6 protein chains.
Amino acid sequence: MSEIIYLTRIETFSAAHRLHSVHYSDDENVLIYGKCNNKYGHGHNYVLHVTISGKLDYRSGMLMNITDLKSLIKTEIIDELDHKHLDMDVEYFRNGQIVSTTENLCIYIWKKLEKALNTFNNDKNQNQSIKLYEIKIHETDKNTVTYRGE
Amino acid sequence: MSEIIYLTRIETFSAAHRLHSVHYSDDENVLIYGKCNNKYGHGHNYVLHVTISGKLDYRSGMLMNITDLKSLIKTEIIDELDHKHLDMDVEYFRNGQIVSTTENLCIYIWKKLEKALNTFNNDKNQNQSIKLYEIKIHETDKNTVTYRGE
Amino acid sequence: MSEIIYLTRIETFSAAHRLHSVHYSDDENVLIYGKCNNKYGHGHNYVLHVTISGKLDYRSGMLMNITDLKSLIKTEIIDELDHKHLDMDVEYFRNGQIVSTTENLCIYIWKKLEKALNTFNNDKNQNQSIKLYEIKIHETDKNTVTYRGE
Amino acid sequence: MSEIIYLTRIETFSAAHRLHSVHYSDDENVLIYGKCNNKYGHGHNYVLHVTISGKLDYRSGMLMNITDLKSLIKTEIIDELDHKHLDMDVEYFRNGQIVSTTENLCIYIWKKLEKALNTFNNDKNQNQSIKLYEIKIHETDKNTVTYRGE
Amino acid sequence: MSEIIYLTRIETFSAAHRLHSVHYSDDENVLIYGKCNNKYGHGHNYVLHVTISGKLDYRSGMLMNITDLKSLIKTEIIDELDHKHLDMDVEYFRNGQIVSTTENLCIYIWKKLEKALNTFNNDKNQNQSIKLYEIKIHETDKNTVTYRGE
Amino acid sequence: MSEIIYLTRIETFSAAHRLHSVHYSDDENVLIYGKCNNKYGHGHNYVLHVTISGKLDYRSGMLMNITDLKSLIKTEIIDELDHKHLDMDVEYFRNGQIVSTTENLCIYIWKKLEKALNTFNNDKNQNQSIKLYEIKIHETDKNTVTYRGE
């Protein structure tokens, strides 16, 4: 028997963004996004919680080496998003089709990390795979979004 | 396809209360609730986490406008509970049949917000409804109660 | 030479209170204290920071044994204030001459702890005395009061 | 009908440990655990979240008296782990077969508390039993492990 | 006798900015500010601690009505900085002579609040004036700047 | 005129230690340090606040480049203390003359950083020097020690 473990790594990144949807008129954008629609943008210290799950490796006593997880989050996410303007520096949000809400940010991070974890699992040629379980982002101390790949 | 998103809004309210059940004798109340049964009550800064879930609206990139959610929590919960004595000022707890434990407080808040969200869904005439997923209250930094409508 | 050290112990207590001053009319009380004047009171998880200062004892490497400081705060403050109604259960605030604001609460705690520390210093017959340096209370996550005996 | 409630109690313990597996050579241990393999160990303030679940008792308005839960966690966990060296003072980890990772620490705490809760349920001769739902440990502010008995 | 009280109000604002000094060449700007010089800016949830000091009003038991302090911070600071781009939306930083570092942000906020407090003191025609004691800003969880008007 | 700025950088390190003084007998050690005297040690996540002060550089808008301060703390403190046993791995505490209390840890860190800052000031050949203002360590969430070089 092997126990199912959930491992969460928490990282922070500081980024600017502006909420503005090409699906709305300028007036509708102001109406819907309010101060988040401010022309020159605003910013946050985003607190990112990445949770993976899978069976415990009885020899190491670990689900996954936290050093590997840190490295993966840094390469895939922090290096691209930290100290950037989401709408100007990140291709996924640049064309304006996808609004840089925390909801869409969660989904974007999920997609990148899920792919990276698959590559990691294949490289390690492990019998059981480590799965991405949850992406949670605290945009502020009062607003949090969670995505579980559903 | 539409992704399922969980959105959490965190609010705080400061209230007094006393744990005292009409189902017990005075001696039993002291025995069961200890210092929480103090005649004149005590109080807390309650930290309330309201989590809703539902499908992402691809146009706005949001599950629900956080401004609407804030407003709803303020009207339904904060205005009634903040800077109040739960057992004296809130009708639900006033007759003494329902003890103002954090457990019952979660259930009370669930009931009010579920109803308010239903009204919100109907008013918006949306195809998919936003559901209340979880009410979590930190009574102190060490005690937390969660209710998910089960 | 002996270094000057500042040692802070943090404790929490949960209490109810109502802001109401005998120096004002009822209408003035409502005007000045607003929702804090609610007839049946409200409450908080008060976070208390007690800071003492003095010369390091080179043998123990400590300013004061934290166990002694904890014990002193418990006996003098926590046992009297925790799970109580400040205006009903604490004599200092009961006669209504002194309003149970966080400002006055700081001063009250200062007075009690300063006296207790003097007794502690005398009992230990120490050459140098440990002094009370600062009482800080977080009433909520957004409001903090500090008193330094000035 | 009785509502399902989740009750979480948070406690902290400070312990030393060293990550070193008998299943690896010394070189492999260095490679896998890095600085966590430091010969003389290191330490943490572990923040433990114990969550139980079950039906609300309508008379008391509680799932379980928090005083009982505190007492149970203290007796079973804190007294054994706080201010200890996990690998030297705790039998479960002493023989070196089980590495004192946070993953294994979660599982160990689950086993002890599940057993203690069963005894508690039997002693109370309750119709419905309180179940252990989740053990979550924050090893640092950035690393968290969760175990749900799966 | 009147006790000296320190009262701190904590508020948060989310803003974008870019560190770029007109006193340096573009290459020097990259060298000095690194990723903070990113062309399109980045952002933070700034946590602002405003501390005022003065003598306690014995009648109200307060240094200053926290409602007045909140209102003053909102009008002077939050309304101008929250959900804005500091370098584009705030005149003080717009001409590029003053870099929008947290250090300069502290000084800017000090200047505005000191002036507003003076007006407040005059309006109240109080015998003793409330003074601005300290502006502290947490730019991230790891970087904090304090200015005390020295 | 140049404003005086206080800049704080917060870093964390995880270490094991045991409180045991050569100035006391074994029995006295148990009596004085209690569970902190546990033979095999225990450990903490120490949260270190390093505050420097000095005049603002008007060109950069900074007191000191935070990157330099980070680097200095890493080289001098984190690399030596993180994931170590203070009494076994750190020479200052190894001979047992100086007990590894948080008080002494503050003084040790002060000495190392003050020296390093002097070197930094000389290397930069600056007209005004950056001074170490305060070392603060949170040993746990409830115990904090501060040293200001007095």
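Note: the structure precedes this text.
Please read all numbers here as calculations on a predicted model, not as lab measurements. (Residues numbered from 1 in each chain as written. Chains lettered and ligands numbered in written order. Predicted model: local features only at pLDDT ≥ 70, side-chain atom pairs only at ≥ 80, totals over all residues. Heavy atoms only, no water.)

## A closer look at the overall build of chain A
Using the following cut-off: Counting from the N terminus, the helices are the DSSP runs of H or I reaching at least four residues and the strands are the DSSP runs of E reaching at least two. Relative accessibility under 20% of the residue-type maximum defines a buried residue, over 50% an exposed one, and the middle range a partly exposed one, all with a 1.4 Å probe and only protein chains included. Throughout, a contact is declared for two residues whenever any of their heavy atoms are within 4.5 Å. Under the convention used here, a 1.4 Å probe and the Shrake-Rupley method define accessible areas, while residue burial counts only the protein chains that appear. Charge assignment: positive for Lys and Arg, negative for Asp and Glu; neither His nor the chain ends contribute. For charged residues, the charge sits on one atom: NZ in Lys, CZ in Arg, CG in Asp, CD in Glu.
Along its length, chain A carries five helices and five strands. Helices and strands appear in chain A in the N-to-C order β-α-β-α-β-α-α-α-β-β. C-alpha extents for chain A along the principal axes are approximately 60 × 30 × 25 Å. In chain A, which comprises 150 residues, the proportion classed as buried is 56%. For chain A, the share of sequence-separated contacts (at least 6 apart) that also reach a separation of at least 24 residues comes to 70%. Summed over all atoms, the accessible surface of chain A reaches about 6,600 Å², with 46% contributed by carbon and sulfur. Averaging the positions of the 18 positive and the 21 negative side-chain charges in chain A gives two centres separated by 3 Å.

## Looking at the relation of the copies chain A and chain D
To keep things clear, this is the line we draw: Here the copies are superposed with least squares, the fitted atoms being C-alpha atoms of residues at a pLDDT of at least 70 in both.
Once turned by 120 degrees and shifted 0.0 Å along the axis, chain A lies on chain D with an RMSD of 0.0 Å. Such a combination of rotation and displacement between the chain copies is what one expects of a three-fold axis. Across chain A, the smallest distance between a C-alpha and the rotation axis is recorded for Asp 141 of chain A, namely 9.0 Å.

## With respect to a negative patch on the surface
The criterion, for reference: Like charges are joined within 9 Å and nonpolar side chains (Val, Leu, Ile, Met, Phe, Trp, Tyr) within 5 Å, but only among residues with over 30% relative accessible area and no salt bridge; these make up the patches. Salt bridges, as used here, are contacts in which a Lys or Arg side-chain nitrogen is within 4 Å of a carboxyl oxygen on Asp or Glu.
A cluster of acidic residues, Asp 141 of chain A, Asp 141 of chain B, Asp 141 of chain C, Asp 141 of chain D, Asp 141 of chain E together with Asp 141 of chain F, forms a negative patch at the surface. For Asp 141 of chain A, the position within the fold is in the loop between strand 4 (131-138) and strand 5 (143-147). Classification of Asp 141 of chain A by relative accessible area gives exposed; the value is 68%.

## Details of the interface of chain A and chain D
Convention followed: Using a 1.4 Å probe, buried area is obtained as the accessible area two parts lose upon being combined, added over both of them. Between N or O atoms, a polar contact is any pair within 3.5 Å; within protein, one atom must be a potential hydrogen donor and the other a potential acceptor, and residues adjacent in sequence are included only when both atoms are from side chains. Residue polarity follows a fixed list, in which Ala, Val, Leu, Ile, Met, Phe, Trp, Tyr, Cys and Pro are nonpolar, Asp, Glu, Lys and Arg are charged, and the others, Gly among them, are polar.
Tallying the contact residues gives 20 residues for chain A and 19 residues for chain D. Summed over both sides, the interface of chain A with chain D buries roughly 1,800 Å², with 48% coming from carbon and sulfur. When the area that chain A buries against chain D is broken down by residue, the three leading residues are Tyr 6, Ile 10 and Arg 59 of chain A, summing to 29%. Connecting chain A to chain D are one salt bridge. The salt bridge partner of Glu 11 of chain A is Lys 142 of chain D, with a shortest N-O separation of 3.2 Å. Summed over the shared surface of chain A and chain D, the result is 14 residue pairs in polar contact (both at pLDDT 80 or more). When residues of the side of chain A that touches chain D are assigned to their parent elements, the largest contribution, eight residues, is made by strand 1 (residues 4-17) of chain A. Among the residues forming the side of chain A that touches chain D, the class breakdown is twelve nonpolar, four polar and four charged.

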